[in-house]
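Summary of the model geometry
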Amino acid sequence: MTATVIDGKAFAADLRARIATLAAAFSAQAGRQAGLAVVLVGEDPASQVYVRSKGRSTVEAGMASFEHKLPADTDEATLLALVERLNADPAVDGILVQLPLPRHLDEQKVIATINPDKDVDGFHVTNAGRLAVGQAGFVPCTPLGCLMLLKDRLGDLAGLDAVVIGRSNIVGKPMAQLLLAESCTVTVAHSKTQNLPEVVRRADIVVAAVGRPEMVKGDWIKPGATVIDVGINRVPGAQDGKTRLVGDVAYDEAAAVAGAITPVPGGVGPMTIAVLLRNTLVAAYRNAGIALAPDAI
Ligand SMILES: Nc1nc2c(c(=O)[nH]1)N[C@@H](CN(C=O)c1ccc(C(=O)N[C@@H](CCC(=O)O)C(=O)O)cc1)CN2
Ligand SMILES: [Mg+2]
């Protein structure tokens with residue numbers, strides 16, 4: 001078997017186009033643009049790339065982008081005061097603090113300061129709780145993007161066996177909650193899981209989010225399974241000094257067995273920013289008190 005390649009880049013482009021149409025409708029109805037504030041502390045090169053890309057995508061979708069770049073040695077009080085100002089700013093519908101933060105800053109404390117109804121990353125405990133009990137809230141962008149790709153490929157997920165490898169607050173745990181809400185039978189595997197290859201072999205859906213390059217091997221995959229690779233790992237390339245990106249799944253081996261698989265790059269990654277725009281627009285509709293059909297985006 002050779003797997004169908006799930007083209008996250010194309011799916012995300014289509015999603016962004018639909019968001020742009022709705023964002024224009026929002027601006028006309030509300031008399032203002034939906035707004036996203038992104039806070040970057042420090043000069044981490046990857047974070048700078050992601051923040052630039054978020055700003056550009058926000059403007060391209062017809063929304064307002066507010067970028068706040070703070071030096072790496074910013075103290076906690078200054079960062080929390082900025083978040084409080086953004087909470088109070090009616091032009092700001094969504095607030096995102098780019099992670100990771102410099103070590104001296106407490107990520108949980110910063111996230112806890114964001115108004116949950118502006119928390120378009122879905123990282124606030126209130127939104128984690130809402131997801132856990134099935135209430136409307138914001139869902140973290142990467143797992144929601146994975147779910148969109150899965151539903152597009154498989155339709156109804158009810159009854160399928162899903163294994164999520166990784167238990168982070170940002171991907172693994174919310175992914176498991178989302179799959180449970182779709183009535184999958186969900187296993188969350190992690191570094192202490194015994195007989196991981198056997199556990200993965202049971203799965204109709206495998207979501208790999210461990211951050212270990214090419215850890216999931218082809219012979220772990222059940223023939224025909226759908227494989228979603230969240231990993232973005234930079235490893236030394238074949239040529240001197242060059243690096244290349246690989247996922248958490250050994251792609252060529254897995255693609256020979258799976259029914260469908262996301263590539264790295266071009267799979268899950270582009271969905272993260274498209275879903276961020278989606279969450280921001282949903283926040284704008286809610287903040288403006290304008291109804292938006294639940295399945296509109
Ligand atoms: N506050 C947040 N911080 C972080 C998040 C997040 O959702 N919210 N996620 C990641 C970084 N991230 C967005 O912030 C992100 C990561 C990867 C991609 C992406 O498109 N990746 C490409 C490859 C990019 C490359 O060449 O390096 C792909 O997979 O095709 C977008 C956004 C951590 N921090
Ligand atoms: Mg820290």
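Residues numbered from 1 in each chain as written. Chains lettered and ligands numbered in written order. Predicted model: local features only at pLDDT ≥ 70, side-chain atom pairs only at ≥ 80, totals over all residues. Heavy atoms only, no water.

The name an unreviewed UniProt entry assigns to the protein is Bifunctional protein FolD, from the organism Novosphingobium pokkalii. The protein has a UniProt comment under Function (unreviewed entry) that states "Catalyzes the oxidation of 5,10-methylenetetrahydrofolate to 5,10-methenyltetrahydrofolate and then the hydrolysis of 5,10-methenyltetrahydrofolate to 10-formyltetrahydrofolate." Per UniProt, the protein has the following entry under Pathway (unreviewed entry): "One-carbon metabolism; tetrahydrofolate interconversion." (UniProt positions renumbered as here; feature names shortened; annotations may be inferred.)

Topic: the domain arrangement of the protein
In terms of domain boundaries, the protein breaks down into domain 1 (27-118) and domain 2 (141-270). Placing a centre on the C-alpha atoms of domain 1 and another on those of domain 2 gives a separation of 29 Å. (Domains from an automatic or database assignment.)

Quick notes on the packing of aromatic side chains
Throughout the structure, instances matching the rule amount to one aromatic pair. Each ring, one from Phe26 and one from Tyr285, has its centre 5.1 Å from the other, and the planes form 65°; the classification is edge-to-face. Here Phe26, found in helix α1 (residues 8-30), pairs with Tyr285, found in helix α10 (residues 269-288); they are 259 residues apart in sequence, far enough to count as distant. With a relative accessible area of 3%, Tyr285 lands in the buried category. One cation-aromatic arrangement involves Arg286 over Phe138; the distance from NZ or CZ to the ring centre is 4.9 Å. (Phe/Tyr/Trp six-rings, centres within 6.5 Å; stacked < 30°, edge-to-face > 60°. Helix = DSSP H or I, 4+ residues; strand = E, 2+ residues; numbered from the N terminus. Buried < 20%, exposed > 50% of the residue type's maximum accessible area, 1.4 Å probe, protein only. Lys NZ or Arg CZ within 6 Å of the ring centre and 35° of its normal.)

Focus on the nonpolar core
Formed by 55 residues in total, the largest nonpolar core has its most connected members in Leu179 and Leu281. Counting only elements with at least two residues in this core, the list comes to α1, β2 (35-41), α6 (141-154), β5 (161-165), α7 (172-181), β7 (205-208) and α10. Counting residues per element, this core draws most heavily on α10, which supplies 10 residues. In terms of domain composition, this core takes at least three residues from each of domain 1 (27-118) and domain 2 (141-270). In this structure, Ala3, Ala189, Val199 and Val216 belong to the second largest nonpolar core, which totals 21 residues. (Core = buried A, V, L, I, M, F, W, Y, C linked by side-chain atoms within 4.5 Å.)

Side note on helix α5 (residues 125-133)
Within the sequence span of α5, burial applies to Asn127, Arg130 and Leu131. The arc that holds the buried residues of α5, viewed along the axis, is 100°, so those residues lie on one side. Along α5, exposed side chains directed more than 90 degrees from the buried face belong to Val125 and Val133. In this fold, the buried residues of α5 make contact with α7. After α5 finishes, the residue Gly134 shows a positive phi value of roughly 80°. (Arc of directions from axis to C-beta. Contact = heavy atoms within 4.5 Å.)

Comments concerning α7
For α7, the complete set of buried residues consists of Gly172, Pro174, Met175, Ala176, Leu178 and Leu179. In the segment just after α7, Ser183 is the residue with positive phi, at about 65°.

A short note on the UniProt feature "domain: Tetrahydrofolate dehydrogenase/cyclohydrolase catalytic" (unreviewed entry) in the protein
Look at the UniProt record and you will see "domain: Tetrahydrofolate dehydrogenase/cyclohydrolase catalytic" (unreviewed entry) annotated at residues 6-121. Taken end to end, residues 6-121 comprises 51% helix and 16% strand; its first and last C-alpha atoms sit 24 Å apart.

Remarks on the site of ligand 1
Of all residues adjacent to ligand 1, which total 16 residues, the nearest are Lys54, Val97, Leu99, Asp121 and Gly266. Gln98 places a side-chain nitrogen or oxygen 3.0 Å from an oxygen atom of ligand 1. Within the side chain of Arg234, one N or O atom sits 3.4 Å away from an oxygen atom of ligand 1. For ligand 1, whose accessible area on its own is 690 Å², the fraction buried by protein is 77%. Contributions of two or more residues to the shell around ligand 1 are made by α2 (45-60), β4 (94-97) and α10. (Near = heavy atom within 4 Å. Polar contact = N/O pair within 3.5 Å; in protein donor to acceptor, adjacent residues only side chain to side chain. Areas by Shrake-Rupley, 256 points an atom, 1.4 Å probe, with all protein chains shown as cover.)

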